[in-house]
Amino acid sequence: MVEQALMNTIMGISIVFSMLALISVLIYCFRIIPYLTERFTKKEPQQQKTEQFIDIRLLVPEPTEDERQLVAVIAAAIAASEGISTDDFIVRSIRRRY
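All figures in this text were calculated on a predicted structure; none of them were measured in a lab.

Peer 1: Whenever I open this one, the overall build of the protein chain confuses me. Can you help?
Peer 2: Regarding its fold elements, the protein chain presents 3 helices and 0 strands. Along its sequence from the N terminus, the protein chain presents helices and strands in the succession α-α-α. Classification of the 98 residues of the protein chain by burial places 2% in the buried group. Surface accessibility of the protein chain: about 10,400 Å² in total, with carbon and sulfur atoms responsible for 62%.

Peer 1: Just checking my understanding: could you explain helix α3 (residues 65-82) for this structure?
Peer 2: In a regular helix each residue adds 1.5 Å, so 18 residues correspond to 26 Å; α3 covers 26 Å between its end C-alpha atoms and thus fits that length. Just past α3, the residue Gly 83 takes up positive phi, approximately 75 degrees.

Peer 1: How should I be thinking about helix α1 (residues 2-40) in this particular structure?
Peer 2: Between its terminal C-alpha atoms α1 stretches 55 Å, which fits the 57 Å expected from 39 residues at 1.5 Å a residue. Its maximal kink placed at Arg 31, α1 deviates by approximately 40 degrees, while the proline Pro 34 follows within four residues.

Peer 1: Explanation requested: the environment of Ser 81 in the structure shown.
Peer 2: Mapped onto the elements of the fold, Ser 81 is located in helix α3. Under the relative-accessibility criterion, Ser 81 is labelled exposed at 57%. Among the polar contacts made by the side chain of Ser 81, one reaches the main-chain carbonyl oxygen of Ile 78 at a distance of 3.0 Å.

Peer 1: Just checking my understanding: could you explain the confidence of the model for the protein chain for this structure?
Peer 2: Do not read the fine detail of predicted coordinates wherever pLDDT is low. Averaged over all residues, the pLDDT of the protein chain is 80; the fraction at 70 or higher stands at 76%. Element-level pLDDT for the protein chain is lowest in helix α2 (residues 56-59), with a mean of 56, against a maximum mean of 91 in α1.

Peer 1: Any chance you could explain a nonpolar patch on the surface here in plain terms?
Peer 2: Together, Ile 23, Leu 26, Ile 27, Phe 30 and Ile 33 make up a nonpolar patch on the protein surface, roughly 510 Å² of accessible area in all. With respect to the helices and strands, the residue Leu 26 is situated in helix α1. Since its relative accessible area comes to 52%, Leu 26 is described here as exposed.

Rules of the game
- Residues numbered from 1 in each chain as written.
- Predicted model: local features only at pLDDT ≥ 70, side-chain atom pairs only at ≥ 80, totals over all residues.
- Heavy atoms only, no water.
- Helix = DSSP H or I, 4+ residues; strand = E, 2+ residues; numbered from the N terminus.
- Buried < 20%, exposed > 50% of the residue type's maximum accessible area, 1.4 Å probe, protein only.
- Areas by Shrake-Rupley, 256 points an atom, 1.4 Å probe, with all protein chains shown as cover.
- Expected span 1.5 Å × (residues − 1).
- Bend = angle between axes of the 7 residues up to and from the residue.
- Polar contact = N/O pair within 3.5 Å; in protein donor to acceptor, adjacent residues only side chain to side chain.
- pLDDT = per-residue confidence, 0-100.
- Patch = residues over 30% accessible without salt bridge, like charges linked within 9 Å, V, L, I, M, F, W, Y side chains within 5 Å.
- Salt bridge = Lys/Arg side-chain N within 4 Å of Asp/Glu carboxyl O.

Right under this line is the structure:
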């Protein structure tokens, strides 16, 4: 009777530790999976990127009166939402998102 209980205990503990080892191996595989998928997915050969430096100042025209009014309206909206004066900050650039 004691021998049977001892065998059940040893069998239970061995199953628990083997499952813990299996789970730890599975978690470790999550680190490897992105490398494997990147390796086996077919990618088109990338062309060599040539670095081109363009003077941005040449591409950006001088702000017109409409753009200056837009900057003033945006600055006023920011000042009103923050509860501060427009003298407390400077609008350096506004980017449009499409």
